[in-house]
Amino acid sequence: LSSAHGAHGGRRKGHLPVVWPGLGIWISDVPPVPVPKPEPKSLPELLYAMGTGRALCDWQRMALEPYKEMVWKNRHAPSTTRLHDLLRLRIWRPAVVETEWLHLREAEDERSRRIASMPQGSLVVTQWVTSTGSVRLLFPEEEDDPSPGIAWADLGGAEGACVVLLEEGLDFWVEPRGGHVADEDQEDVDQFRPTKLSVRETWESDSRHMGTLQRGDVVQLAEISGRFGRVVRIKSIEESDEAVGGWMDLYTEAGWSCLRKRFPGQVHPEEVKRRILKDSVESVLLQLSQEVDQTGSKKEEEIFEEEEAELPELLKELGELEAKSLYTRDWREAIDPIWGRRYFINRWSGQVIHKLTRYGVAEAAVRLTVYFNNLSVNAAGLHREEWPEKKLKQLEDSAISGFAAMADVPDKRVAVKFLAGPEDPIENSEPPTPNDSEDSITGEATYRPPRSDLKVEVMLKAPGVKAAWASAALQRLMADAEIFSNHIAEVLGSVPQIWLLQLKDGEPFTMVRADLEEMDIARDSDLAERARSKASEIEEMTALVDTEFVELRKNLMWSRPKSMQYAFHQIGEVNARAMCEGLEMAYNADHAQKDPSHLEEISIWGCSIGNGGAVALANALAIGCGEKLQSIILDENDIGAAGAKALGVGLQSCPFLRELSLPKNPLGKGFASLLTGLGPNLKVLDAAEANLDDEAALATSKTITRWPFLRSLRLAGNAMTLLGIEALVRSMLLAKDLQQLDLRGSSTTPLAVEWHRLMKLLQKGNIDTRKLRL
């Protein structure tokens, strides 16, 4: 002890004693070696350490906290980088679309839903290629997309490769709004101030400006470095000889490109437009010169001076004629031979446009008017309905498909109106015969042109300026009166409840006459058309309510049930609103003020109430109808993000809610807002097959601590990456009473490698691994 004490008393500061069996306390004179801190590694060193594999290619763009700087983060490691480095180190590869159209789909499976199509020549960023011949691509939806999506496509087919790697020496067209954007969306608002791209001395953004490029210019790719490229302009759309070259962005940081590959034999639409305009001006000058030559008496100098004086006046007249070109006869329709898209040329000025709405040009239309007997909008059967006008509108809408099939046009271009027949007889409908033209006794005329009880007006609008697009099929049918009559009878006979328009029961209706007319319809601006479409949506929302729900709306005030259950009953948005109006009336009734809330369970399963029904239900809950509510089941009701957000507000007034079931509804981005309305008594939450992603998973993991009684969380059949899956698994460590977390079929990537790590994570937290279902 004394030696140990002496050793202990004489030890120097900073040396720790060591207890050694049989020797007592021993103090080392050698200072302890500090633990080395790992130095941060660069991206190439991390990639070398990780080796090869798909983990190297799986990156996601996100904001780097707390500076909100956008970076690319690996989904499997805490590494961040930029798109320039991913392309420079050849983790991702730049590529060009070689096929005429590259069809993009949601998943690797060829049967998955198609989400977009990219035209030939578009520049894309490829992430990896599978053994089945599919390639995963970066799919940004805007130039600086904060979270670009991913899409799958076929690498090649029987006709050759669909996507090839980007190489130096290729020629490209400049498309400032995006190389894959449609031509009609590429045009500048002001054609005299086109959008231009800057070319720099080096690839750095702050380097010296070397020139500009605009739409239609042809550049050659001389050098590639990451997402930047050095280009040389080899052809200018402005026919300028100025040499322009330097570095530009081949891709933005989100993967958006402003170049499109130029293939042999292709002509840019901007070049076609300028060529047509140039030819038009040359033809005007030629005509002017011919008129001047006919005078013969003027000197050459005087003629030249007169040309200079008259040319501005002529251009002014052409401009005025172009401004007044509001009829279809003033425009010529053509199809782009390269891209196959429709465009229109003004017959006076040669101006080329892709959308007639920009100039307010009238629509080419065809009006088919058919007259009938024994059918009328004043029939007693129609007026016995509760809402005759709305029922008549339903009959008109039901006839659209039949008339569209007759004309062989889409339904959306057809409008049908049922009108009262003319009071005067229809002239020349049936010529009189010699036997009935005059009475044999009195000598008076006995033939009377037939009356018409119903007039059906069918308006068919053409997409361009050719009315024959809609009238050709009708003219062929009307060439044979018997065949046309049979088609008309079949169309009206297939309209549900057409018998409501019959004047005499038991007698058939007959067609009296049919007229076909080609015409121009005045077109409103884009703003007016959007307002009209919005008004039509509102009109659809005020559609008829079924008699069953009319009575339910009245009776809820008195019946005040504790449970409302409907299973696979096609309620729809209109009837759902009527039902929720009844709930509000029952809550606000004078005789129920002592105990206004009565509902404890709502079960509406597979009833297609949609967003409109969800919003109506949320409004009813928000005023207090859900104060006693304990269970809400809304499976398979087509409720989207808008409906989910509304429900999140309404559920804040349901403090005793214990069960919420919303599977097979496309909730999507609205799920996070819905979670904010759930109270602390929640025990069961079911959102399986609800189009949920990592954002929804992270929102759930952050709010799970607010539900101390949560027993079951079902999120199967969604689309989450490892990031979302791990966040939910880690949330189980905070929810000790959770008995089941169902994530089956929710992972977009195989979890064979990560499975054991997630299980060990739960075991360290003393969580039964059987509670997790992957």
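Every value quoted in this text rests on a predicted model; they were computed, and no experiment measured them. (Residues numbered from 1 in each chain as written. Predicted model: local features only at pLDDT ≥ 70, side-chain atom pairs only at ≥ 80, totals over all residues. Heavy atoms only, no water.)

Student: What exactly am I supposed to notice about the overall build of the chain here?
Tutor: Within the chain, the secondary structure is distributed over 19 helices and 36 strands. Within the chain, the proportion of its 774 residues that are buried is 44%. Residue pairs in contact within the chain that sit at least 24 positions apart in sequence constitute 70% of those at least 6 positions apart. Accessible area of the chain: about 42400 Å², with a carbon and sulfur share of 52%. (Helix = DSSP H or I, 4+ residues; strand = E, 2+ residues; numbered from the N terminus. Buried < 20%, exposed > 50% of the residue type's maximum accessible area, 1.4 Å probe, protein only. Contact = heavy atoms within 4.5 Å. Areas by Shrake-Rupley, 256 points an atom, 1.4 Å probe, with all protein chains shown as cover.)

Student: Sorry if this is basic, but what is going on with the pattern of salt bridges here?
Tutor: Here the idea is simple: oppositely charged side chains can pair when their charged atoms come close. Per the stated rule, a full pass over the model turns up 29 salt bridges. The salt bridge involving E726 is made with R730; its shortest N-O contact spans 3.1 Å. Linking E726 with R730, this pair stays in helix α18 (residues 722–731), spanning 4 residues, or about one helical turn. We classify E726 as buried; its relative accessible area is 16%. Here D768 and R770 are joined by a salt bridge, their closest N and O atoms 3.0 Å apart. Its relative accessible area of 71% is what places R770 among the exposed residues. Taken together, the shared-partner salt bridges connect R200, R227, D249 and E253 into one network. (Salt bridge = Lys/Arg side-chain N within 4 Å of Asp/Glu carboxyl O.)

Student: How should I be thinking about unusual backbone geometry in this particular structure?
Tutor: A negative phi holds for most residues other than glycine; trans holds for most peptide bonds. Of note in the backbone geometry, Q497 takes a positive phi value of approximately 60° without being a glycine. By secondary structure assignment, the location of Q497 is in the loop between α10 (481–493) and β28 (510–521). Look at Q497 and you get partly exposed, because its relative accessible area is 32%. Not every positive phi belongs to a glycine, and R560 is a case in point at roughly 45°. Looking at where R560 falls in the secondary structure, it is placed in the loop between α12 (547–559) and β29 (563–567).

Student: Quick question: what am I supposed to make of the side chain of S207 here?
Tutor: Within the secondary structure, S207 sits in the loop between β16 (196–200) and β17 (209–214). A polar contact is formed between the side chain of S207 and the backbone oxygen of T202, at a distance of 3.1 Å. Within the local environment of S207, its side chain forms a polar contact with the backbone oxygen of E204, the two atoms lying 2.8 Å apart. Excluding anything up to four places from it in sequence, S207 contacts R200, E201 and T202. (Polar contact = N/O pair within 3.5 Å; in protein donor to acceptor, adjacent residues only side chain to side chain.)

Student: Looking at this model, I keep getting lost on the packing of helix α13 (residues 572–588) against helix α14 (residues 610–625). Mind explaining?
Tutor: Pairs of packed helices are described in terms of their axes, by the angle between the two and the distance that separates them. Across the interface, α13 lies against α14 with an axial gap of 8 Å and an inter-helix angle of 5°. Regarding the angle of α13 to α14, the classification is roughly parallel. Contact residues: α13 offers E573, A576, R577, C580, L583, E584, Y587 and N588, while α14 offers G610, N611, G612, G613, A616, L617, N619, A620, I623, G624 and C625. Across the contact of α13 with α14, the residue classes break down as 9 nonpolar, 7 polar and 3 charged. (Axes fitted to C-alpha atoms, helices over the stretch in contact; angles between N-to-C directions. Parallel < 35°, antiparallel > 145°, perpendicular 65-115°, else oblique. Nonpolar A, V, L, I, M, F, W, Y, C, P; charged D, E, K, R; others polar.)

Student: I keep staring at the nonpolar core and nothing clicks. Help me out?
Tutor: In a soluble, globular protein the nonpolar side chains are often hidden away together inside. Among the nonpolar cores identified, the biggest contains 74 residues, and L660 and L678 are the most heavily contacted of them. When neighbours within four sequence positions are excluded, L660 is seen to be in contact with I632, L651, L674, L678, L682, V684, L685 and D686. One finds F372, V377, F403 and L460 within the second-largest nonpolar core, a separate group that totals 34 residues. (Core = buried A, V, L, I, M, F, W, Y, C linked by side-chain atoms within 4.5 Å.)

Student: Explain α10 here, please?
Tutor: Since the α-helix packs 3.6 residues into each turn, any two residues three or four apart lie on the same face. Taking 1.5 Å as the rise per residue, α10 with 13 residues should run 18 Å; its terminal C-alpha atoms sit 18 Å apart, in good agreement. Inspection of α10 places F484, I488, V491 and L492 among the buried residues, and these make up the whole buried set. On an axial view of α10, the arc spanned by its buried residues comes to 90°, and they lie on one face. When the buried face of α10 is taken as reference, the exposed residues oriented beyond 90 degrees from it are E482, E490 and G493. Capping of α10 at its N-terminal end is provided by D480; its side-chain oxygen lies 3.2 Å from the backbone amide nitrogen of E482. (Expected span 1.5 Å × (residues − 1). Arc of directions from axis to C-beta.)

Student: Whenever I open this one, the side chain of T721 confuses me. Can you help?
Tutor: Structurally, T721 is set in the loop between β34 (712–714) and α18. Residue classification places T721 among the buried positions, given a relative accessible area of 13%. Residue contacts for T721: discarding those within four places in its chain leaves R75, D694 and T748.

Student: Got a minute to help me understand the packing of aromatic side chains in this structure?
Tutor: Two aromatic rings, taken as a pair, are described by how far apart their centres are and by the angle between their planes. Within the structure shown, the criterion is met by 5 aromatic pairs. With 5.2 Å between their ring centres and 85° between their planes, W72 and W92 make a pair best called edge-to-face. In this pair, W72 sits in strand β4 (residues 69–74) while W92 sits in the loop between α3 (83–88) and β6 (93–97), placing the two residues 20 residues apart along the sequence. Classification of W72 by relative accessible area gives buried; the value is 1%. (Phe/Tyr/Trp six-rings, centres within 6.5 Å; stacked < 30°, edge-to-face > 60°.)

Student: Would you mind going over the packing of α14 against helix α15 (residues 641–650) with me for this structure?
Tutor: Running from N to C, α14 and α15 cross one another at 10°; their axes reach a closest spacing of 8 Å. In terms of axis orientation, α14 runs roughly parallel to α15. Counting all contacts with α14, which are made through N611, A614, V615, L617, A618, L621 and A622, the residues of α15 involved are A642, G643, A646, L647 and G650. Looking at side-chain class alone, the contact of α14 with α15 contains 9 nonpolar, 3 polar and no charged residues.

Student: Can you help me understand the sheet that holds β4 in this one?
Tutor: Picture the strands of a sheet paired through backbone hydrogen bonds; they go either parallel or antiparallel. If you walk across this open sheet you meet the 3 strands as β3-β4-β5, and the pairing is antiparallel. Each end of this open sheet is capped by a strand with a single partner; those strands are β3 (59–64) and β5 (80–81). (Pairing = 2+ DSSP bridges.)

Student: Help me understand the environment of A243 in this model?
Tutor: Take A243: it is sitting in the loop between β19 (228–235) and β20 (245–249). A residue is classified by how much of its surface remains accessible, and A243, at 72% relative accessible area, is exposed. It is 8.9 Å that separates the C-alpha atoms of A243 and G211, two residues lying 32 residues apart in sequence.

Student: Is there a simple way to think about the state of the cysteines in this case?
Tutor: A complete count under the given rule lists 0 disulfides for this structure. This cysteine, C580, is not joined by any disulfide, and C625 carries the nearest cysteine sulfur, 8.5 Å off. Taking the relative accessible area as the measure of exposure, C580 reaches 3% and is therefore buried. (Disulfide = S-S within 2.5 Å.)

Student: Can you help me understand the confidence of the model for the chain in this one?
Tutor: Low-pLDDT portions of the prediction should not be read for the details of their coordinates. For the chain, per-residue confidence averages 79 on the pLDDT scale, and residues scoring 70 or more make up 75% of the total. Long-range and interchain partners of residues 1–12, a stretch whose pLDDT sits below 50, account for 5 contacts in this model, where long-range means more than four residues apart. (pLDDT = per-residue confidence, 0-100.)

Student: How should the sheet that holds strand β25 (residues 363–373) be read in this particular structure?
Tutor: Read across the open sheet, the 4 strands follow the order β26-β27-β25-β28; overall the sheet is antiparallel. Each edge of the open sheet carries a strand with a single partner, namely β26 (414–420) and β28. Each strand axis lies, on average, 20° off the axis of its neighbour in the sheet, ignoring direction. Summarising the sheet, β25 and strand β27 (residues 454–461) pair through 8 bridges and their orientation is antiparallel. Along β27, the bridge assignment pairs F372 with L454.

Student: Which parts of the structure should I look at to understand the pairing of strand β10 (residues 134–139)?
Tutor: For β10, a buried count of 6 out of 6 residues is recorded, marking the element as mostly surrounded by other parts of the structure. Residues S134, R136 and L138 line one face of β10 and the alternating positions V135, L137 and F139 line the opposite face, and both faces are buried. In this sheet, β10 lies alongside strand β9 (residues 123–129) in antiparallel orientation, the contact comprising 3 bridges. Note on β10: the bridge partner recorded for W128 is R136. In this antiparallel pair of consecutive strands, β9 and β10, the connection spans 4 residues, and G133 shows a positive phi of 90°.

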